[in-house]
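# Per-entry structural report
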Amino acid sequence: MLNTGQSVDGVVEKWPAPAKLNLFLHVTGCRQDGYHLLQSAIQFVNICDELSFSVRSDGVIRCVNTNHSIAGETDLTVRAARLLQHECSIQDGVDIHLKKVIPAGAGLGGGSSDAATALLALNRIWGCNLDRNDLEVLGAGLGADVPVFVRGEASWVEGIGEWLQAMDFPEVWYVIVYPGVHLDTRQMFADPGLDRNCPPIHLSDFALQQTQNVFEPIARQHAAVERAWQWLSQHSQVRLTGSGSCLFAPCESKHQAGEIAAVCPADFTVFAAKGMNRSPVCSLSQYN
């Protein structure tokens, strides 16, 4: 059971960090500072990384016992912890134990979700007492997807990721396919073939069939992504999520999702996952 603030032997166990899907993703322009203006609809799915925390008295922050290879100085989870530590003048440190399930470079938001969970968990563990809006502002400085993970509500997203409108999307089952290709976000946004001039749409006009992910043509230049696209499109409508390589397709039931996942080519990673309009981390923070 999760400890609710007073840690036992310095450890607070198992905070989840869910993956997300961009149901669509448009780029509507660029700001003078180079940031892209986006429109998207984001829903969570029940694929989760797991984080636990061990408080240190020496002020050191590190990520340990991980099954991924991101260097500590660039790990978004460590950066989130250090940002909160600095913002609130916290003297304690923390060991962050991170079990990765969400593939990196996939467009599922794993790094951003881990960072958001670190902010939410350490805000409670360290007794920072920042409100959710404060944490969203901190998160925005780490990445465009972090604020929606902090808020923990399926959302219509605009701006550079900071404008959020809570939404209730159908919580359907999806088949999610990771082709094993890591796509770098900065390179994807810098690609000269990216459509940066999508006409803005109003959230009341949103329909999956009338939108797109503008990164799809770029991602499909990779042979493995294209092969995964061709396979999954035999079963359902396919869409790319985020600026990564993961593809997803909505299903009519859990059973159908399981049946499609069962026949996925062996060289791809496949998930049958349920859409969620509320992140599981919400029930563990004081913002539920």
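The following paragraphs examine the structure supplied in this document. This is a predicted model, so every value here is computed, not measured. (Residues numbered from 1 in each chain as written. Predicted model: local features only at pLDDT ≥ 70, side-chain atom pairs only at ≥ 80, totals over all residues. Heavy atoms only, no water.)

The number of helices and strands found in the protein chain is eight helices and ten strands. Its C-alpha atoms give the protein chain a radius of gyration of 19 Å, within 12% of the compact-globule value 19 Å for 288 residues. Taking the principal axes of its C-alpha atoms as reference, the protein chain extends roughly 55 × 45 × 35 Å. Each charge class in the protein chain can be summarised by its mean position, and for the 20 positive and 30 negative side chains these summaries are 3 Å apart. (Helix = DSSP H or I, 4+ residues; strand = E, 2+ residues; numbered from the N terminus. Rg over C-alpha atoms; globule rule 2.2 N^0.38 Å. Lys, Arg positive; Asp, Glu negative; His and termini not counted. Charge placed at Lys NZ, Arg CZ, Asp CG, Glu CD.)

A separate point is helix 2 (residues 110-125). Compared with the 22 Å implied by 1.5 Å per residue over 16 residues, the 22 Å span of helix 2 between its first and last C-alpha is a close match. Along helix 2, 14 of the 16 residues are buried, which leaves the element largely enclosed by surrounding structure. G127 sits one or two residues past helix 2 and shows a positive phi near 70°. (Expected span 1.5 Å × (residues − 1). Buried < 20%, exposed > 50% of the residue type's maximum accessible area, 1.4 Å probe, protein only.)

This part is about helix 7 (residues 223-232). Taken together, the buried positions of helix 7 are A224, V225, A228, W229, W231 and L232. On an axial view of helix 7, the arc spanned by its buried residues comes to 165°, and they lie on one face. The inward-facing, buried residues of helix 7 contact strand 7 (173-178), helix 6 (216-219), strand 8 (239-240), strand 9 (247-251) and helix 8 (254-262). (Arc of directions from axis to C-beta. Contact = heavy atoms within 4.5 Å.)

Moving on to the nonpolar core. Ranked by size, the top nonpolar core spans 39 residues in total, and within it F53, L84, L119, L122, W126, L135 and V146 carry the most contacts. Secondary structure elements with two or more residues in this core: strand 1 (11-30), strand 2 (36-56), helix 1 (76-87), strand 4 (93-99), helix 2, helix 3 (132-140) and helix 4 (146-151). Residue contributions to this core peak at eight residues, all from helix 2. Sequence-distant contacts of W126, defined by excluding residues within four places in its chain, comprise I61, A81, L84, Q85, I90, D92, G93 and V94. (Core = buried A, V, L, I, M, F, W, Y, C linked by side-chain atoms within 4.5 Å.)

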